[in-house]
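A structural walkthrough
So you can see what is in the structure, the chains are spelled out below.
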Amino acid sequence: MPDLIREVGRRRTFAIISHPDAGKTTLTEKLLLFSGAIQLAGTVKGKKGGKFATSDWMDIEKQRGISVASSVMQFDYREHVVNLLDTPGHQDFSEDTYRVLTAVDSALMVIDAAKGVEEQTIKLLNVCRLRHTPIVTFMNKYDREVRDNLELLDEVESVLNINCAPVTWPIGMGKTFRGVYHILNDQILLFKSGEGRNDVSEIIEGLDNPRLDELFPLEIEQTRMELELVRGASHPFDLEQFLAGSLTPVFFGSAINNFGVREILNALVDWAPAPAERDATSRAVAPTEEKFSAFVFKIQANMDPRHRDRIAFLRVCSGQFERGMKFKHLRLGREIAANSVVTFMAQGREQVEEAYAGDIIGLPNHGNIQIGDSFSEGEVLAFTGIPYFAPEMFRIVRIRNPLKIKQLQKGLQQLGEEGAVQVFKPLNGSDLILGAVGVLQFEVVASRLANEYGVDAMFEPITIYTARWVSCPDSKKLAEFERALENNLARDAANSLAYLATSRVNLDLTRERWPDIVFHATREHA
Ligand code: GDP
């Protein structure tokens, strides 16, 4: 199947990650602009998780429409098919973000060079590092006063624990930002704001070119000095180390001015990996295998308010998806005839005609698909690595109208499966406990319960410090543990047993007392 090899080889699937406000939305738009996927800046509807006030999130239907158009985008660039996955910037949605990272082959990290490495970037990078995801770095906002270049690299290396290989180097900053020096090509790209797709920056060959001394003597002298230091102190670009996730090529620029963006796209196409094989428990699945396979990494409910349907986002792992083909939903052993599968373009959804490994397709369903589910043409596969994270915030659910208990249960089950919140049923009693990574998740769930399920729910605080999923190779021991600590144990939406610790001390003590029980801070989809 030479076609399959070609199609897989020209795919690049990456996530764009950053701390809120670093410029992710702006850069996304410019990437689309350069690729020709959109014609004019300003057409990407900013999702901007970071800046939405809570009230915006409450406007659920509106928010749905916006985030769907922009959370997965496919476009062509230089004979390649690029799948760009946006990640919610707001820390309260970090679980969703983490799962997006399981569906990509590389990541683009955007850093605000005036601020340096920020908290959310650290969290996201930790997840990338666990998976050895190759990272490309963009230092943004050089049209402003930013921090010292060497200090920035040093911070990335020490805080994020990844080696930096500067590929370009900035000349000046703020009002005296002159452009970047391309270290590998020995070329200077002059800064010009607002470059369009077909505009090319003026290029001056060679760092020692006397024209540079005429144009901006001060800045170029400074750059030459810095580069001497950089050559001694940093790492040269090395493709193997990049692919192993231990070294990141670093680019400098200004997203809002379209400057330095083309270099990023080229780096992704030239260096970032095509889809690789994936572990499916029984065996590894190669992307070029003829048979279709995929897994779900994200579910979004009720995107179309008229249909109340849910879209499962599938990452294709192998084979060729063709419109109308039949495949199997493995957890339920059910055949699916996929007639209305959609793909996501910059401007909205379209019917998918065909898709290959690395592509993201959307499968509408009525709530029977869960995050982590695998699909194939029949072979039993279970793609691994889609994590649930131990929540750090908990609420107990109360409803005003007890007659609505059925709707409440249904709503919470669906929202739980979708990953909007984690739902725990204590072994004792009939309460429901919600766990979240961020507090905003509770507000979204309350609002969705009201709008989509007609349930008026209140969430009250409860003293739980954290949850740990528990397991034990010895089933007798586990049963003993279950009996003894009944009051602290609950089952989650996937029926996995979790210990709800009231404090850190309580967790430590329980661990000490029950040395045979394993406490897990993450749970992989069962
Ligand atoms: P996000 O939260 O990471 O998606 O960030 P946005 O793309 O929304 O950008 C946050 C703010 O930074 C916005 O006001 C942008 O206009 C601004 N911004 C983005 N890129 C640049 C840049 O290159 N230079 C300057 N000065 N501002 C920028």
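Residues numbered from 1 in each chain as written. Predicted model: local features only at pLDDT ≥ 70, side-chain atom pairs only at ≥ 80, totals over all residues.

Per an unreviewed UniProt entry, the protein goes by the name Peptide chain release factor 3 and belongs to Amantichitinum ursilacus. UniProt, in the comment section headed Subcellular location (unreviewed entry), describes the protein in these words: "Cytoplasm". (UniProt positions renumbered as here; feature names shortened; annotations may be inferred.)

1. Observations regarding the sheet that holds strand β10 (residues 203–205)
Across the sheet, which stays open at both edges, the four strands sit in the order β7-β8-β9-β10 with antiparallel pairing between neighbours. Looking at strand neighbours, the two that pair on one side only are β7 (168–171) and β10, the edges of this open sheet. Along the sheet, successive strands turn relative to each other by an average axial angle of 25°, direction set aside. Where strand β9 (residues 187–190) lies against β10, three bridges are found, and the strand directions are antiparallel. (Pairing = 2+ DSSP bridges. Helix = DSSP H or I, 4+ residues; strand = E, 2+ residues; numbered from the N terminus. Axes fitted to C-alpha atoms, helices over the stretch in contact; angles between N-to-C directions.)

2. Considering the site of the ligand
For the ligand, the set of nearby residues contains 20 residues, the closest of which are G23, K24, T25, T26 and S254. If you tally residues by element for the shell around the ligand, the top one is helix α2 (residues 24–35), at three residues. Each residue belonging to the shell around the ligand can be placed in one class, and the counts come to four nonpolar, 10 polar and six charged. (Near = placed C-beta within 6 Å. Nonpolar A, V, L, I, M, F, W, Y, C, P; charged D, E, K, R; others polar.)

3. Points about the packing of helix α12 (residues 405–418) against helix α13 (residues 440–453)
The contact between α12 and α13 brings their axes to 10 Å, and the two run at 120°. On the basis of their axis angle, the class for α12 and α13 is oblique. Handedness of the crossing formed by α12 with α13: right-handed. For the pair formed by α12 and α13, the contact residues are Q407, L408, K410, G411 and L415 on the first element and V445, R448, L449, E452 and Y453 on the second. Residue composition of the contact of α12 with α13, by class: five nonpolar, two polar and three charged. (Parallel < 35°, antiparallel > 145°, perpendicular 65-115°, else oblique. Left-handed = near helix turned anticlockwise from the far one by under 90°. Contact = placed C-beta atoms within 7 Å.)

4. Considerations on the nonpolar core
Nonpolar side chains tend toward joint burial in soluble globular proteins. A107, L108 and L314 are the most contacted members of the largest nonpolar core, which totals 103 residues. There are two domains that each give this core at least three residues, and those are domain 1 (15–59 + 108–271) and domain 2 (278–376). Excluding its chain neighbours within four sequence positions, the residues that come into contact with L108 are F14, I16, V136, F138, I264 and L268. Of all hydrophobic cores here, the second largest spans 33 residues; its members include V423, L432, L434 and Y499. (Core = buried A, V, L, I, M, F, W, Y, C linked by C-beta atoms within 7 Å. Buried ≥ 20, exposed ≤ 12 C-beta atoms within 10 Å, placed from the backbone. Domains from an automatic or database assignment.)

5. Notes on the sheet that holds strand β26 (residues 422–426)
An order of β28-β25-β27-β26-β30-β31-β29-β32 is seen for the eight strands of this open sheet, with the pairing classed as antiparallel. Strand pairing shows two members of the sheet lacking a second neighbour, β28 (457–461) and β32 (518–520), which therefore form its edges. Between one strand axis and the next, the sheet turns through 40° on average, direction left out of account. Bridge analysis of β26 against strand β27 (residues 433–436) gives three bridges, and the strand direction is antiparallel. Bridging across to β27, Q422 finds its partner in G435. Packing of α12 onto the sheet brings it into contact with β25 (393–399), β26 and β28, and relative to β26 it is tilted by some 130°.

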